[in-house]
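Below, each chain spelled out in residue letters.
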Amino acid sequence: MKNEKDILKYFNQDTPRNIILYIVQQGQPTQTNIAQELRITSPTVSWNLNRLTTANIITEIKDGRYKRYTLNSDMNPLLTKLLKSYYPSLWNKWSDKLAEIFFVFL
């Protein structure tokens with residue numbers, strides 16, 4: 001499992017943080033879904049997805065000709081801790097959604 005420092009470097013940057021949170025919210029979005037919803041270019045999304053996948057924060061899932069992205073299940077406890085500690089306003093916003101996601105992995 002990653003330590004706080006590893007994931008905080010991504011959470012301290014707007015684009016990776018927004019991508020992670022969007023993936024948490026949507027479950028398994030495609031790169032196109034992410035780019036359209038967050039209104040950022042596909043190359044920017046692709047570059048960040050590659051970084052987050054390499055860091056084992058998210059996982060790429062092949063779905064036919066599409067690639068979908070999901071949060072690695074071992075990231076759930078750390079993500080929860082970071083949101084509560086460093087981003088309390090985000091935690092309040094996302095706590096209900098995170099609870100739903102955690103129950104899926106149980």
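Residues numbered from 1 in each chain as written. Predicted model: local features only at pLDDT ≥ 70, side-chain atom pairs only at ≥ 80, totals over all residues. Heavy atoms only, no water.

**Brief notes about helix α1 (residues 4-11)**
Turning to step 1, where the next piece is worked out: Of all the positions in α1, only Ile 7, Leu 8, Tyr 10 and Phe 11 are classed as buried. Each buried residue of α1 lies within a common arc of 160° when the element is viewed along its axis, so the set occupies one face. (Buried < 20%, exposed > 50% of the residue type's maximum accessible area, 1.4 Å probe, protein only. Helix = DSSP H or I, 4+ residues; strand = E, 2+ residues; numbered from the N terminus. Arc of directions from axis to C-beta.)

**Examining the pairing of strand β1 (residues 58-63)**
In regular strands, side chains alternate between the two faces of the sheet.
Turning to step 1, where the next piece is worked out: Bridging between β1 and strand β2 (residues 66-71) involves six bridges; their strand directions are antiparallel. Note on β2: the bridge partner recorded for Lys 62 is Lys 67.
Turning to step 2, where the next piece is worked out: Between β1 and β2, which follow one another and run antiparallel, lie two residues, and Gly 64 among them has a positive phi close to 65°. (Pairing = 2+ DSSP bridges.)

**Description of the environment of Arg 65**
Turning to step 1, where the next piece is worked out: Here Arg 65 lies in the loop between β1 and β2.
Turning to step 2, where the next piece is worked out: Side-chain polar atoms of Arg 65 contact the side chain of Tyr 66, separated by 3.1 Å. (Polar contact = N/O pair within 3.5 Å; in protein donor to acceptor, adjacent residues only side chain to side chain.)

**Concerning the side chain of Asn 72**
Turning to step 1, where the next piece is worked out: Note that Asn 72 resides in the loop between β2 and α5 (76-86).
Turning to step 2, where the next piece is worked out: Polar contacts involving the side chain of Asn 72 include one to the main-chain carbonyl oxygen of Asn 56, which spans 2.4 Å.
Turning to step 3, where the next piece is worked out: Excluding residues within four positions of it along the chain, Asn 72 makes contact with Asn 56, Ile 57, Ile 58 and Thr 59. (Contact = heavy atoms within 4.5 Å.)

Scope: geometric values only; no functional claims are made or implied.
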